[in-house]
Amino acid sequence: MSKLFGTAPEPTGEMQQAIEKFLGKKIKVTWVPNAEYTEKLNVTLASDSISQVIVVDPHLPAFVRAAQAGAFWDLTDKLDKYPNLKPANAQSALNASINGRTYGLYRMRPLLRSAVVIRKDWLKKVGLEEPKTIEDFYQVAKAFTEKDPDGNGKKDTYGLIIPKWPGDYASASPYDVIETWFGAPTGWGEREGKAVPGFDTPEFLEANKWLKKMVDEGLVNPDYATLDSAKWNDPFFHGRGGMIIDVNIRSRQVLDLFREDGDKDYGDKVTMVGNMAKSDTEKHSYPFTGYADSLAISKQSVRTEAELDNVLKTLDKLATKEGQVLLQNGIEGRNFKVENGDTAALINEDDPAVKTVQDNVDDAFIQLSTKGTADIGGIAYQRVPSGQPYRDILDLQKKLVEEDLKTAVHNVALPVISKTQIEKGAQIDKIVSDARIKFLSGAIDEEGFKAEIKRWHDSGGDQVITEINEGLAKLPK
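Residues numbered from 1 in each chain as written. Predicted model: local features only at pLDDT ≥ 70, side-chain atom pairs only at ≥ 80, totals over all residues. Heavy atoms only, no water.

Caption draft 1: Quick look at the side chain of Ser 97. Topologically, Ser 97 is positioned in the loop between α4 (90-95) and β4 (105-108). A relative accessible area of 2% places Ser 97 in the buried class. In terms of polar contacts, Ser 97 uses its side chain to reach the backbone amide nitrogen of Gly 100, at 3.1 Å. (Helix = DSSP H or I, 4+ residues; strand = E, 2+ residues; numbered from the N terminus. Buried < 20%, exposed > 50% of the residue type's maximum accessible area, 1.4 Å probe, protein only. Polar contact = N/O pair within 3.5 Å; in protein donor to acceptor, adjacent residues only side chain to side chain.)

Caption draft 2: Molecular detail of the pattern of salt bridges. Taken as a whole and judged by the stated rule, the model has 32 salt bridges. Residues Arg 101 and Asp 74 are paired through a salt bridge, measuring 3.1 Å at the closest nitrogen-oxygen approach. On the criterion of sequence distance, the pair formed by Arg 101 in the loop between α4 and β4 and Asp 74 in the loop between α3 (61-68) and α4 is long-range, its members being 27 residues apart. Among the residues examined, Arg 101 registers a relative accessible area of 34% and is labelled partly exposed. Here the salt bridges do not stand alone but share partners, grouping Lys 209, Glu 446, Glu 447 and Lys 450 into one network. (Salt bridge = Lys/Arg side-chain N within 4 Å of Asp/Glu carboxyl O.)

Caption draft 3: Seen up close, the nonpolar core. Of all hydrophobic cores here, the largest spans 59 residues; its most connected members are Phe 137, Leu 211 and Met 214. Every element with two or more residues in this core is listed here: β5 (114-119), α5 (120-126), α6 (134-146), α7 (174-181), α8 (202-216), β9 (241-247), α15 (419-441) and α16 (446-474). Excluding residues that lie within four positions of it along the chain, Phe 137 makes contacts with Val 116, Pro 131, Leu 160, Trp 181, Trp 210, Met 214, Met 243, Ile 245 and Met 276. Counting 52 residues, the second largest nonpolar core, distinct from the first, contains Met 1, Trp 31, Leu 79 and Ala 296. (Core = buried A, V, L, I, M, F, W, Y, C linked by side-chain atoms within 4.5 Å. Contact = heavy atoms within 4.5 Å.)

Caption draft 4: Expanded view of the sheet that holds strand β6 (residues 158-161). Reading across the sheet, the 4 strands line up as β6-β9-β5-β10 and stay open at both edges, with mixed pairing between neighbours. Only two strands of the sheet have a single partner each, and these edge strands are β6 and β10 (270-273). Ignoring strand direction, the axes of neighbouring strands in this sheet form an average angle of 25°. In this structure, β6 lies alongside β9, joined through 3 bridges in parallel fashion. In the strand pairing of β9, Ile 161 is matched with Ile 244. Along the sheet, helix α10 (residues 250-260) contacts β5, β9 and β10; its crossing angle with β10, the most-contacted strand, is approximately 175°. (Pairing = 2+ DSSP bridges. Axes fitted to C-alpha atoms, helices over the stretch in contact; angles between N-to-C directions.)

Remember that the coordinates give geometry; whether it matters functionally is a separate question.
This is the structure:
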């Protein structure tokens, strides 16, 4: 069972057939749209019908509860005989663990991917430079809303596009990124020698008051609480919104849309900047964990050590270079070719059948990969689409990541899961994220927002804080 970011691949399609040929086995994948995934996963974990392998956030309370109850295989001491499944990075493996125990194969991702994707042509139209600070960002959003960047003479644009976010607090949402820009911890941080949740800091409230001002002034899409994240690119492409705060690869996704639409000047439509500085002398960048979900193995569906060995051998084969290239790049000679021995260039892009292969990779099968691309320490080819605009964006991406890693604010509590978090997390984790949306919409005021944060504390949050700090003290130094 895995996440889906577009159209589900056909079981008889080229990509699935190629994977099955490579493995020498049939596979069946339940694809679930990303916006519905957490809800579906919670239902699935409580059912008697769990796939052998599931893509899961290893710190999702329902999963932690299930794993510690014995519903999933503890792989901590089982991976040594599978050479391609050994963790590539000890810190990322620790971040993805449950108090140091491994209940899944983490999917390698860059330690920093946050960026702001911007309509380059709109910047030119409103006469502004690329934003570098929070204040610059506000001014660009305001100009995109008020200065008719699409040139149609109507007031029908907005500066920032935010979708309905499927995760709770500290799930890499645009809200979380903005809070880090203001100096709040990324998830959890240290204050006066103690680990505290980011929403207990004044910077968290400062960031949300700033964003509420943008919402109130119409600088954010009015459907931010309901826009399907699968359609996040649509307002950008169709000229309704001008900026997206997300992972840097989204810049290439929107480039694709303009190019596929036949726009010869597609390279002039998209640019990208890194994290916003709070001031000329203060910058805080939003990092990631070094992983994005894990592949966990169900004991309900995989009952014996022999069955586990069969599954791990299959995953080990998928984790070879050939397997990872297939999942992340596609079919060599069909939708990509190798250039300079280490990069993948797209080919036959105008062939609808080939585009389907590429879409199957981008929307679905890449979610089953555990190793990253060579440029981030993985083994698959770094993708370099044809066309200078793509190469320019890739060069820019590398530059921005290198720069923003210097000011990354890492989550100190990632490896630790508290008992109370497991028991009450599903109930209390939504308190702050729901309150944040209510505050931005005006359904509650600042005092109401603070009251909801207090409710988190009173509903078990204080005990979570205690247990997080106790757990951190016990981790290997």
